[in-house]
Amino acid sequence: MMRRLSAAMVAFFVGSLFSVSLMAADTFELVIPLPLTGKQAKFGEMMKRSYEMAAEEINAKGGIKKKKLVLGFEDSSAKPETARAIVEKLIDVKKQPIIVGEYTSACAKAVAAVAEERKTPYLVVASADDNITQQNYKYVFRQNAVNDHYGDGVVSFLKAVVKPTTIAILYESSAFGTSGADAMVKDAEKAGTKIVLKEKYEAGSVDFKPLLTKVKATRPDVIYMVSYVMDASLLMKQIKELRIDAKLFAGGAAGFAIPEFIDNAKDAAEYVISATLWTPQLKYPGAQEYAERYRKKYGEYPSYHGASAYSALFVVKSALEKAKDWTPEKIRDALKVTDMTTAFGPIKFENKEGYQNQNFMETLVIQVQKGQFETIWPLNHASKKYVFPIPTWRERR
Amino acid sequence: MYVIRLEVFLQTLISGLLLGGLYGLIGLGMTLIMGVMKIINLAHGELMMVAMYIAYWLFVLFHIDPYLSVFIAAPLLFILGVAIQKYLVNPVLKVESILPENQVILTVGIGMVLANLATIFFTSDYRSTPVSYATNAFYLSDFWKDSPIELSLSVPWAVSFVFAVVITIILWFFLSKTDTGKSIRATAQDLDAAILMGVNVKRMRVVTFGLGSALVGTAGCLLIPIYYLYPSLGGQFTLIAFVITILGGLGSTVGAILGGLILGVFESMTSTYLSMGWAPVGRFVIFVACLMFLPGGVASLLRKKRVGK
Amino acid sequence: MKRFLPLFALALCSVLPVVGLNSYAMHIAILVIMWATIGMAWNLLGGYCGQVSFGHAAYFGVGAYTAGIFYSKLGLSPWWGIPASIAVVLLFSFLLGFVVLRLRGPFFALATLASGEVMRVTAENLDGFTGGSLGIMIQERTWVGKTWYYYIILLIAAVTFFLVRKLMQSKLGYYFLAIREDQDAAESLGINTTLYKTIALCLSGILTGIAGAFYTNYMGYIDPNVVFALHDISIIAIMIVMVGGAATYWGPFVGALIMVLLAEIIRSVPGLGAAHQTLFGILLIVIIIFLPNGIVGDSKKLKRLFGFQRASS
């Protein structure tokens, strides 16, 4: 019995190794690598749903050049080796002419290296590390903003409205935290704001109070934090406990910009502002419809990762329609001249500031008002007026 | 200027002590298991995670406060611990193998299964129990109107600290005054002598593992209002439990609490005065330093003092 | 016949790329051989010398970063990292061993576990030197095709295999076994246990470090969470040897083959992917309880189970 079972397992495995996908003539198959298990599964799941919604709409309107768009997903568990193996399989074995997807920057980097080697275009959808599009790669395109620019909206809000003299920066010890913090340091120095504290912490820490006590002692005007969701909630809760008052609490996107932040920090989250790349209240074509449809189907609003994934397929559609034929080279050329407005925002790939094939988008600012995120800046995108100055902790009781 | 420095120091000290109390409770279960059974349980943190999920679901489904969940989660964890000891650990202790560390590796496997099962059933989403008093605190300025400094004592942290101390005291009484407790200590001190004295050693081991699991489960229920929950949180707490066990001395309840307090204050002080990023390194340094220079832990210092008199 | 088994296997492996496997299958083959190397290295310290290390990721990562830093800071080809890692990891293992080898059994295991984690945090914090969490990315890997990578790792694995075998057949091997069986008795017989444990640790570390340097060259991207990972590197190394068979020559190969294939199969079956750690954990538990000497070590037991041998023999 065991022998037969092991023989079956070997056959299955060998079969999957040598598998060749049978592509029907009237479909275009796009397999997307993303993390469906592991710590980032939630974002992977959200992006998968958004991709599926986009594909539905595209097919309902006739598909791409009359061919039906068929999606597939492969789970990389946010591990770079796995992402790389998946993409190598897609390009070498399945001969897919374009790669879209991934979420973490580590995986995006592994995929980008593979795509560039094999001269296949790769569209980055949600990975933020600056250096992904700083490598002089010709085949890697990124539609989401880079980490360095995430905080632009917040910076302009601080400059125009808050005008802080001092700022304290706390960040988690990851690439995301480090580059977000470094970007804020640069912007603060340009604006003449004094950085009274810049400290990193290990994500998942239980007690931030010693660190926050240090922050309190420096009495900063603004406390800027770059964290993922649970650290963000804990930070605000413990700031409230210690009654640290600042003119404003600001987050550098990620943990501060998703609904779980409000769910977990509750009243400690009120009046906190954060950078974000997209909100469901924006007036870009299709943005609010996408947000409402997602919410109706899945019970909550999508984050900017979902919006980016959704729009990515439309960018792919436009490139495929423009391309002279569907070889990787020609698709790449068509992708390069993309110039359209999607539900995520305007998409145009430029070579600027040392980045190649990077889309530069306005970043926005949201503020928690009455337990909800409201877009407050830039004013032309605002859904509600910003609240500033904010009441002290004592006053809030 | 000095006022601010004093405030920072005192607040850090308070945070450290509160953290230390909780740490001590986490280490208590492990020191018991290691002291009695000489078994290294690398699934300790995962057991705590299981208790936290129990507390979470009780909160979400039945609105039971996490502090009350202790009375449900602890017995459940006891049963789980007994089951693990009886059906998984005991067989391994009997098997002949090349490597004596098999039981450590076994607990690694158990930990992996527990953490992954939680991921499968509950997804890796972060969860928390936002109780209404989660961010309440006692403030110095409320009691002393003109105090120059502001100190805050968080309510949930304080409750956890009190709980931890009370449980330690109860455990100490149990171990020193009851028959079962004394049998457990006997098994820890000298296995053969205990057998000769008629102690049911097998039963004591099983009870100890159950007790250790119940203790760490209690710590989990106390932790969940002030932290959050996700399937892989076990790892960092297992490591903390080890440092405390070694720091405090194997099998010593007083040592575990003292070890916890020392570690808590040490971590808080280094967070404030050095940098928070190096916390794991600090723990490792203490751990190795203890193993090398003070293998009996704090408990051995206390014992020396008593004997010296 | 049995004497020629290793050479025969080596010849077979050498011809494999010529058969024309696709790049995905080659990737799997390279992984299997790399993990077999790491397994053999761990086996030297753990299976033969009895010091169970839970932190082999530390050596792997140091080797990987040596290659990476040669590229990022010195502008040299990361392939120089392989010979360089011998020196770097030797120094590192020696210093680490100085601290942890005075601990026995489970305490040694814990100290090594902690050391792996410490290296991870250190690599994250020293971002000026290591690039921190941004990692090190090699812009152009040496070859696009896999064949040469395969031969290089095959060479590394072959050298490791013959080295371990030669070592264990020498006097040194007996010392290792003596230390494993009863360190105090060995010491009382005049064996300098500290010296030999250190030798075992350093060799084990160096071999793992070379695998790490290879990894950097092959994958083209490393960061602290990838190469110093507890669950993905240290524990997998242990599992490979436990499943395959501690203190056997072929155990690590069998273990690596099973673990890598198993991981790929589990990942490819949708829905099963999430249960990957559970299945590995259960496998580990089953092996520990029923086959504590691994598949190769307990091959007689296995054969009896499958009815290949009569129970009376």
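Structure: above.
Everything quoted here is computed from the prediction, not taken from an experiment. Starting afresh in each chain, residues are numbered from 1 along the sequence in its written order. For naming, the first written chain is A and the first written ligand is 1, with later ones following in the order written. The predicted origin of the model limits local features to residues at a pLDDT of at least 70 and limits the giving and counting of side-chain atom pairs to 80 or more, whereas totals for whole chains, interfaces and linings rest on all residues.

Student: Before we go on, may I ask you to explain the interface of chain A and chain B in this structure?
Tutor: When the parts of a complex come together, some accessible area is lost, and that lost area is often taken as the interface size. This entry defines residue contacts through backbone-placed C-beta atoms, with two residues in contact when those atoms are within 7 Å. Across the boundary between the two partners, chain A contributes 30 residues, which contact 31 residues of chain B. Secondary structure elements follow DSSP: runs of H or I of four or more residues count as helices, runs of E of two or more count as strands, with numbering from the N terminus. Of all elements in the fold, only α2 (41-60), β7 (194-201), α8 (209-218), α9 (229-242) and α10 (259-265) of chain A reach the threshold of two or more residues within the side of chain A that touches chain B. Each residue gets one label: Ala, Val, Leu, Ile, Met, Phe, Trp, Tyr, Cys and Pro are nonpolar, Asp, Glu, Lys and Arg are charged, and the others, such as Gly, are polar. When its residues are assigned to classes, the side of chain A that touches chain B shows ten nonpolar, six polar and 14 charged.

Student: So what exactly am I meant to see when it comes to the interface of chain C and chain B here?
Tutor: Facing the 37 residues of chain C at the interface are 35 residues of chain B. When residues of the side of chain C that touches chain B are traced back to their parent elements, those giving at least two are α2 (23-48), α5 (105-125), α12 (230-244) and α14 (276-290) of chain C. Per-element tally for the side of chain C that touches chain B: the top contributor is α5 of chain C, with 13 residues. Of the residues assigned to the side of chain C that touches chain B, the class counts are 25 nonpolar, ten polar and two charged.

Student: Can you walk me through the pairing of strand β10 (residues 273-276) of chain A in this structure?
Tutor: The two faces of the sheet receive side chains in turn, since in a regular strand these alternate between them. All names here are of chain A. Partly exposed residues are those whose C-beta has more than 12 but fewer than 20 other C-beta atoms within 10 Å; with 20 or more the residue is buried, with 12 or fewer it is exposed, and the C-beta atoms are placed from the backbone. Side chains of β10 alternate between two faces, with Ile273 and Ala275 and Ser274 and Thr276 buried alike. Only when DSSP finds a minimum of two bridges between them are two strands counted as paired. Inspection of the sheet shows strand β9 (residues 248-251) paired to β10 by two bridges, in the parallel sense. Residue pairing across strands places Gly251 opposite Ser274, the latter belonging to β10. In terms of strand pairing, β10 meets strand β14 (residues 364-369) through four bridges, oriented antiparallel. Bridging from a neighbouring strand, Ala275 pairs with Val365 of β14.

Student: Sorry, what's going on with unusual backbone geometry here?
Tutor: Glycine aside, negative phi is the norm for most residues, and most peptide bonds take the trans geometry. Residue and element names in this part refer to chain A. Omega for the peptide link from Trp377 to Pro378 comes to -5°, which places this bond in the cis form. Among the secondary structure elements, Pro378 is positioned in the loop between β15 (372-377) and α14 (393-396). The linkage connecting Phe388 with the following residue, Pro389, adopts the cis geometry, with an omega of 0°. With respect to the secondary-structure elements, Pro389 resides in the loop between β15 and α14. A positive phi angle, close to 65°, is found at Ala78, a residue other than glycine. Within the element layout of this structure, Ala78 appears in the loop between β2 (68-75) and α3 (80-93). Given 23 C-beta atoms within a 10 Å radius, Ala78 is considered buried. Located in the positive-phi region is Lys119, a residue other than glycine, with phi close to 50°. Inspection of the secondary structure puts Lys119 in the loop between α4 (105-117) and β4 (122-124).

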